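Overview (structure and organization)
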Amino acid sequence: MRILIGGLMGALALASAAAAAPDYNDRRDYAFADFGFLGTRADPKILGAGGNLVWDLNAYDFLKGPAPASVNPSLWRQSQLLARHGLFEVTKGVWQVRGFDISNATFIAGKTGWIVIDPLTSSEVAKAALDLANEKLGARPVAALIYTHSHGDHFGGARGMVTQADVDAGKVKVIAPSGFLEHAVSENVIAGPAMTRRATYQFGTFLPKGVTGQVSAGIGLAVSPGTMTLIPPTVEITRTGEELVVDGVRMQFQMTPGTEAPSEMNIYLPDLKVLDLAENANPTMHNVLTPRGALVRDAKEWAAYLSESIRLYGDKSDILMTSHGWPRFGQAVIGDYLAKHRDAYKYLHDQTVRLMNEGLTGPEIANRIKLPEALDREWYNRGYYGSMSFNSRAIYQRYMGWYDANPVNLAPLEPADEAARYVAMMGGPATVLAAAQAAFDKGDDRWAGALANRLVFADAANQPARDLLARTYERQAAGAESSLWRNIYLAGAQELRVGVRPAAGPGAAALDLVRNTSTTMLLDLLAVRLDPDKVKDGAVSVDLVFPDRKERFRVSVRNSVLTYEADPKTGKADGVFTMPRAQFLAVALAGQPTSGVASEGDAGALARMLGWLTAPTPNFAIVTP
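Heads up: these notes are all about the structure in this document. In this text the structure is predicted, and so the values were computed from the model without any measurement. (Residues numbered from 1 in each chain as written. Predicted model: local features only at pLDDT ≥ 70, side-chain atom pairs only at ≥ 80, totals over all residues. Heavy atoms only, no water.)

**Considerations on the packing of aromatic side chains**
This structure, assessed with the given rule, holds 18 aromatic pairs. Ring geometry for Y147 versus F155: centroids 6.2 Å apart, planes at 65°, classification edge-to-face. Taken individually, Y147 and F155 each receive the classification buried, so the pair is uniform in this respect. Centre to centre, the rings of Y337 and Y380 are 4.6 Å apart; their planes meet at 85°, and the pair counts as edge-to-face. You can see Y337 sitting in helix 9 (residues 331–357) and its partner Y380 sitting in the loop between helix 11 (373–376) and helix 12 (388–400), a full 43 residues away along the chain. A relative accessible area of 3% places Y337 in the buried class. Ring-pair connections join several aromatic residues into one group, and the members of that group are F32, F35 and F329. The ring of Y30 is capped by R27, whose NZ or CZ atom sits 3.7 Å from the centre of that ring. Over the aromatic face of F88 sits the side chain of R98, whose NZ or CZ is 4.0 Å from the ring centroid. (Phe/Tyr/Trp six-rings, centres within 6.5 Å; stacked < 30°, edge-to-face > 60°. Buried < 20%, exposed > 50% of the residue type's maximum accessible area, 1.4 Å probe, protein only. Helix = DSSP H or I, 4+ residues; strand = E, 2+ residues; numbered from the N terminus. Lys NZ or Arg CZ within 6 Å of the ring centre and 35° of its normal.)

**Here's the deal with the nonpolar core**
Ranked by size, the top nonpolar core spans 76 residues in total, and within it F100, F107, L145, Y147, M161 and M251 carry the most contacts. If sequence neighbours within four positions are ignored, M161 has contacts with A105, F107, V116, P119, A126, A129, L130, V142 and L145. Core analysis: the second largest hydrophobic core is formed by 33 residues, L275, Y345, L360 and I395 among them. (Core = buried A, V, L, I, M, F, W, Y, C linked by side-chain atoms within 4.5 Å. Contact = heavy atoms within 4.5 Å.)

**Quick word on the sheet that holds strand 1 (residues 37–39)**
The strand order across the open sheet built from 8 strands is 1-4-5-6-7-8-9-10, with neighbouring strands paired in mixed fashion. Each end of this open sheet is capped by a strand with a single partner; those strands are strand 1 and strand 10 (235–237). Mean inter-strand twist for the sheet, computed between neighbouring axes without regard to direction, equals 25°. Of the pairings in the sheet, the one linking strand 8 (residues 142–146) to strand 9 (residues 173–177) comprises 3 bridges and is parallel in character. From the neighbouring strand, A144 faces strand 9, where its bridge partner is K173. Strands in contact with helix 4 (residues 123–137) are strand 1, strand 4 (86–91), strand 5 (94–98), strand 6 (105–109), strand 7 (114–117) and strand 8; relative to strand 4, the strand with the most contacts, it is inclined by about 65°. (Pairing = 2+ DSSP bridges. Axes fitted to C-alpha atoms, helices over the stretch in contact; angles between N-to-C directions.)

**Considerations on helix 9**
Its 27 residues give helix 9 an end-to-end C-alpha distance of 38 Å, which sits within 8% of 39 Å, the value for a rise of 1.5 Å per residue. Looking at the residues trailing helix 9, positive phi occurs at G359, about 100°. (Expected span 1.5 Å × (residues − 1).)

**Thoughts on helix 3 (residues 73–82)**
Counting buried positions along helix 3 gives 9 out of 10 residues, so the element sits mostly inside the fold. Among the residues of helix 3, those classed as buried are S74, L75, W76, R77, Q78, S79, Q80, L81 and L82. For helix 3, the secondary structure elements touched by its buried residues are helix 2 (28–34) and helix 17 (483–498). Near the N-terminus of helix 3, the side chain that reaches the backbone nitrogen of S74, with its oxygen 2.8 Å away, is that of N72. (Polar contact = N/O pair within 3.5 Å; in protein donor to acceptor, adjacent residues only side chain to side chain.)

**Points about unusual backbone geometry**
In the Ramachandran plot, D247 falls in the positive-phi region, its phi being about 50° despite a non-glycine side chain. Mapped onto the fold, D247 is located in the loop between strand 11 (243–246) and strand 12 (249–255). On the basis of relative accessible area, D247 is assigned to the buried category, the value being 18%.

**Considering the pattern of salt bridges**
Throughout the structure, instances matching the rule amount to 33 salt bridges. One salt bridge in this structure joins R328 and D29, with 3.3 Å as the shortest N-O distance. Here R328 is found in strand 16 (residues 328–329), whereas its partner D29 is found in helix 2, with 299 residues between them in sequence. Here the two residues R328 and D29 agree in accessibility, since each one is buried. Where R549 meets E551, a salt bridge forms, and the shortest distance between an N and an O atom there is 3.3 Å. Among the charged side chains, a salt-bridge network with shared partners connects D29, R77 and R328. (Salt bridge = Lys/Arg side-chain N within 4 Å of Asp/Glu carboxyl O.)

Have a look at this one:
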């Protein structure tokens, strides 16, 4: 018991636990989360077209009991709140389906049909949400889809609710903030394989759901693994203060680019006094830098836009709802929430920069920064999804980059090489393992993990070291208040014990994203797959002609660099290849032969260029060399 408590204490401290914890007797969030419940699906299993299980509403029933020793009690509470699933009336004319995905789908009754805000991640759960709304409230067609921002869990279910034909015919409006389509398809194009692999750790994709496994994602339960789709917007919102009447419902918009997403907006319903803050306000601190990888977000601007929300809507809103979590009711409650949530991001930014300017490095700041008690005791400022520790390092990175100015870090050794040298210097594997075990026995999991990690990177076949490192991760997971830290620790332990779990390829789920990806982005994708060991001193240029898109690009490889030019006016390529762009995608990305492509000049030029590309490694190791 002493060892378990020691591990929990260390993990809680690292996760920025408050000096005075929030009040567990405060049941207001439970009342908000339960308010307006109208029922849920009779069949808890949501299946795909092939009979595959996409979502099981009963999967988190284990959360109904008291917190076990294997889960931080604060995270258990958060997960219990997120596990409430079904249709909820927010106010007259506004409902949400929650618990069917990591995000919420909001239904507003228009004159002729539903206005749906954020149609979840996959078409299967989106259809189930729409079916539930129609069952409980009376069947209506969808008159409009609104995407609050450019992340997949807020647009991916579009085709589960509407058809492209109805959008094309003008029967359904699709409304999104300016720049939505570009950012929706671009964020994961270049570094997609690495981000996808890291996301399996962040969300605990391969972990069992249960008291020793995945209990939630902190901001929702999990990401539904169904079919992600995308229907491009037909209406773009470009400025704060813009107003539309959507199927008879007045809506005002606040643009918030560069906050939680590069393209994002808030929505105010003036006739209902309802404010929808998208993902700019949440039941948890959010990520300034998501662990899966992304561009660092701007915490200062995030706080500034929340200040603008307070100024524009704070004294006009009786109800606040968001894309994750549960609504809040009453102007006083909303005002207090927005001010303190804003202050948390502003404090995070300002104090990180202050400490940075005093010479502290990212890890030093992460170990010291903590919210003031007045902010830290609020449940919605806890680090279930983002955390002060992780976010402070992200802010340091935004301003300073990865380098901490210490010359020793200009050219660091590779982890495996450095680990082998440290282990040898410390007296060999047996000595280091004994020291790691002693630290573990004292409950000093961070140091035990650091030592065992060196052993594993020095020799991946060292099974005692792997087992000990896995145990340190599992115990740190038990104490982690952050759902993502818990998932990451447990995923690391799983990989150490059973090896890398292969992830399925994107398959048909990404077709809409690829279809809407610009050709320049696709050529950028090819550029980062060029392998100089294959190219050597090779050189080639091809003209790609896509008649269906009225596009022509000259793509060249010289000096092991792939470059391209749209509509070349001078010079001549080695070969000219004419085809529909869809055929080029099949040739370039799916390995279809080039023999069926119409060509002029050097018929082998395209195949030669494509032969120099290397497919990414989707299932690379993370906790082993």
